[in-house]
Amino acid sequence: MTIPPDIQQLIEQAAAAADRAYVPYSHYPVGAALRATDGTVFTGCNVENASYPVTICAERTALVKAVSEGRRAFDTLVVTTRNGGSPCGLCRQMLYEFAPDLRVILTDGSGKVTLDCRLSDLLPHGFGPQQLE
Ligand code: THU
C-alpha cells in the first residue's frame, strides 16, 4: 500500500529524530514525530541517563516539546525504531491525557509501517481527565 506524502514526511522526521537519540546504555534509538491539529510537527528522541530511570522516551520528548510550545491537540504520532517497537506504558498514558483518539503509526528501520492504530487500541479503558471531573 502506498503511504500518503504527509505520513511519509512524518516517518522521515521521526527517523531523523532517532538519529539524534542519546542512547549510550541501551543502544536502542527511538524517534517520534507528533503532529498537532494545526499541522505543526514536534519531533523527539530518547535521551538516556547514567541513572537509568531518569531516561525520557522519544514520544514523551515530542509531547513535552509540543505542550510547552502551546499545543494540546494532536492527530498523528509516528514512532520509529529498528524493529517496530511499541510505545511504553508511560508514554501511552501521557499521550492519552491529550489525545485518546490519536492515530499511532509504528515503523521499522526500513521505514515500513508495522502498525497503524489508535492510541485507545494501545491503552483500552484508559484513565483520563474525564475521570476527575
Ligand atoms: N524507549 C522509548 O524511547 N520509547 C518507548 O516507548 C519505549 C522505550 C526508549 C527508552 C530507552 O532509551 C530505550 O528505548 C530502551 O528502553
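Source: prediction; values computed, not measured.

Before going further, it helps to examine the overall build of the chain. Scanning the chain from N- to C-terminus turns up four helices and five strands. For the chain, the N- to C-terminal ordering of α and β elements is α-β-β-α-β-α-β-β-α. Taken over C-alpha atoms, the radius of gyration comes to 14 Å for the chain, in line with the 14 Å a tight globule of 133 residues would show. Dimensions of the chain, computed from C-alpha atoms along their principal axes, come out at roughly 40 × 40 × 30 Å. Look at the contacts in the chain between residues 6 or more apart in sequence, and 59% of them connect residues 24 or more apart. For the chain, the computed accessible surface area is about 7,200 Å², with 56% contributed by carbon and sulfur atoms. Distance from the positive charge centre (11 side chains) to the negative charge centre (14 side chains) of the chain: 2 Å.

Approximately 210 Å³ is the volume attributed to the largest pocket. Considering the residues around the largest pocket, the lining is formed by 16 residues, among which Tyr28, Val30, Asn46, Cys57 and Glu59 are closest to the centre. With three residues, the top contributor of residues to the lining of the largest pocket is helix H2 (residues 58–68).

Take the site of the ligand next. Around the ligand, the neighbouring residues are Ser26, Tyr28, Val30, Asn46, Glu48, Thr55, Cys57, Ala58, Glu59, Ser86, Pro87 and Cys88. Contact distances for the ligand include 2.5 Å between an oxygen atom and a side-chain N or O atom of Glu48. A distance of 2.8 Å separates an oxygen atom of the ligand from a polar atom in the backbone of Cys88. Judged by its atoms lying within 2 Å of the grid points, the ligand is housed in the largest pocket.

Counting residues in each nonpolar core, the largest one holds 22 residues, and the members touching the most others are Leu34, Phe74, Leu77, Leu95, Leu102, Val104 and Leu119. Mapped by element, the contributors of at least two residues to this core are strand E1 (31–36), H2, strand E3 (74–80), helix H3 (89–98), strand E4 (103–107) and helix H4 (119–122). Other than its neighbours up to four places away in sequence, Leu34 contacts Thr40, Val41, Phe42, Ala62, Leu63, Ala66, Phe74, Thr76, Leu77, Leu95 and Leu102. By size, the runner-up hydrophobic cluster in this structure holds seven residues, among which are Ile11, Ala33, Val78 and Ile105.

Our next topic: the environment of Ile11. Inspection of the secondary structure assignment puts Ile11 in helix H1 (residues 5–18). Given the relative accessible area of 5%, Ile11 is considered buried. Each C-alpha atom, one on Ile11 and one on Ser51, is 30 Å from the other, the two residues being 40 residues apart in sequence.

Turning to a nonpolar patch on the surface, a few remarks are in order. Together, Tyr22, Tyr25, Val47 and Tyr52 give the surface a local cluster of nonpolar side chains, amounting to about 430 Å² of exposed area. When you line up the elements, Tyr52 lands in the loop between strand E2 (41–45) and H2. You can call Tyr52 exposed: its relative accessible area is 58%.

Scoring rules and cut-offs
Residues numbered from 1 in each chain as written. Predicted model: local features only at pLDDT ≥ 70, side-chain atom pairs only at ≥ 80, totals over all residues. Heavy atoms only, no water. Helix = DSSP H or I, 4+ residues; strand = E, 2+ residues; numbered from the N terminus. Rg over C-alpha atoms; globule rule 2.2 N^0.38 Å. Contact = heavy atoms within 4.5 Å. Areas by Shrake-Rupley, 256 points an atom, 1.4 Å probe, with all protein chains shown as cover. Lys, Arg positive; Asp, Glu negative; His and termini not counted. Charge placed at Lys NZ, Arg CZ, Asp CG, Glu CD. 1 Å grid on protein atoms, 1.4 Å probe; cavity = no way out; pocket = protein on both sides within 12 Å on 5 of 7 lines; lining within 4 Å. Points joined across faces, edges and corners; volume = space filled by probe spheres on them. Near = heavy atom within 4 Å. Polar contact = N/O pair within 3.5 Å; in protein donor to acceptor, adjacent residues only side chain to side chain. Sits in = over half its atoms within 2 Å of the grid points. Core = buried A, V, L, I, M, F, W, Y, C linked by side-chain atoms within 4.5 Å. Buried < 20%, exposed > 50% of the residue type's maximum accessible area, 1.4 Å probe, protein only. Patch = residues over 30% accessible without salt bridge, like charges linked within 9 Å, V, L, I, M, F, W, Y side chains within 5 Å. Salt bridge = Lys/Arg side-chain N within 4 Å of Asp/Glu carboxyl O.

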